Amino acid sequence: MKILAFIFIMIFGIFNSQKVKHYGFESLPDKLDKPILIYMKTDWCSICKIQIYQIEKDLELKNLMDEKVYFITFNPEKSKKSINLFGKNYDYISNGNSGIHELAVEISAHQKPVYPSWILIDKDGKVLFYQEGMVAHQQLKSIIKNLLKIDPEG
């Protein structure tokens, strides 16, 4: 019986510890069939680390993000590749030892990125949701369900 319980705990732990499926801008399909959820963050942002930890702990949220959106974690200070999004090219702007990606400036509310930021864009390029700062994982679930017209019960 103890062995069976141990196996169950191990299997549950493995499945529960799976990470959210992340896309890169380059791996998005040409024809989008669901919205893009961009999580803009940096390596030095402690709130950003807390945010990801909360998401990884919430199995329902991870499933929603895997199934209903293309989830992209975007670090504009490290992403130096050119990004093509909705027919427009965005490049990294170097400033000596540092820099920022043009896309971050473009999608930020005040042309100056705040970390973390959440941007939900529909398949046609329209911004459905934008928030600077941390979003509680329960609130993020509600946003995805409400904006995408998903039944709250399922």
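Attention here is on the structure that accompanies the text. (Residues numbered from 1 in each chain as written. Predicted model: local features only at pLDDT ≥ 70, side-chain atom pairs only at ≥ 80, totals over all residues. Heavy atoms only, no water.)

1. So, the state of the cysteines
Every disulfide links exactly two cysteines, by a covalent bond between their sulfur atoms. Under the criterion given, the structure shown has one disulfide. A sulfur-sulfur distance of 2.4 Å marks the disulfide that ties Cys45 to Cys48. Across the disulfide from Cys45 to Cys48, rotation about the S-S bond amounts to roughly 85 degrees, and the bridge is consequently right-handed. The pair formed by Cys45 and Cys48 is uniform in burial state, with each residue classed as buried. (Disulfide = S-S within 2.5 Å. Buried < 20%, exposed > 50% of the residue type's maximum accessible area, 1.4 Å probe, protein only.)

2. Some remarks on the sheet that holds strand E1 (residues 36–40)
A sheet is described by the order of its strands in space; here four strands give the open sequence E2-E1-E7-E8, paired in mixed fashion. Across the chains shown, the open sheet's two edge strands, defined by having one partner strand only, are strand E2 (70–74) and strand E8 (127–132). Strand-to-strand twist of the sheet, defined as the mean angle between neighbouring strand axes without regard to direction, takes the value 10 degrees. Both strand E7 (residues 117–121) and E8 contribute to a ladder of five bridges, which runs antiparallel. From the neighbouring strand, Ile121 faces E8, where its bridge partner is Val127. Most of the contacts of helix H5 (residues 137–147) go to E8, to which it runs at about 165 degrees, and overall it touches E1, E7 and E8. (Pairing = 2+ DSSP bridges. Helix = DSSP H or I, 4+ residues; strand = E, 2+ residues; numbered from the N terminus. Axes fitted to C-alpha atoms, helices over the stretch in contact; angles between N-to-C directions. Contact = heavy atoms within 4.5 Å.)

3. So, the pattern of salt bridges
Tallied over the full model, the rule gives six salt bridges. The closest approach of N and O atoms between Glu60 and Lys145, which form a salt bridge, is 2.6 Å. On the criterion of sequence distance, the pair formed by Glu60 in helix H3 (residues 59–68) and Lys145 in helix H5 is long-range, its members being 85 residues apart. For Glu60, a relative accessible area of 38% gives the class partly exposed. Looking at Lys145, the relative accessible area reads 12%, which means it is buried. Each of the salt bridges in this network shares a partner with another, and the network as a whole consists of Asp58, Glu60, Lys141 and Lys145. (Salt bridge = Lys/Arg side-chain N within 4 Å of Asp/Glu carboxyl O.)

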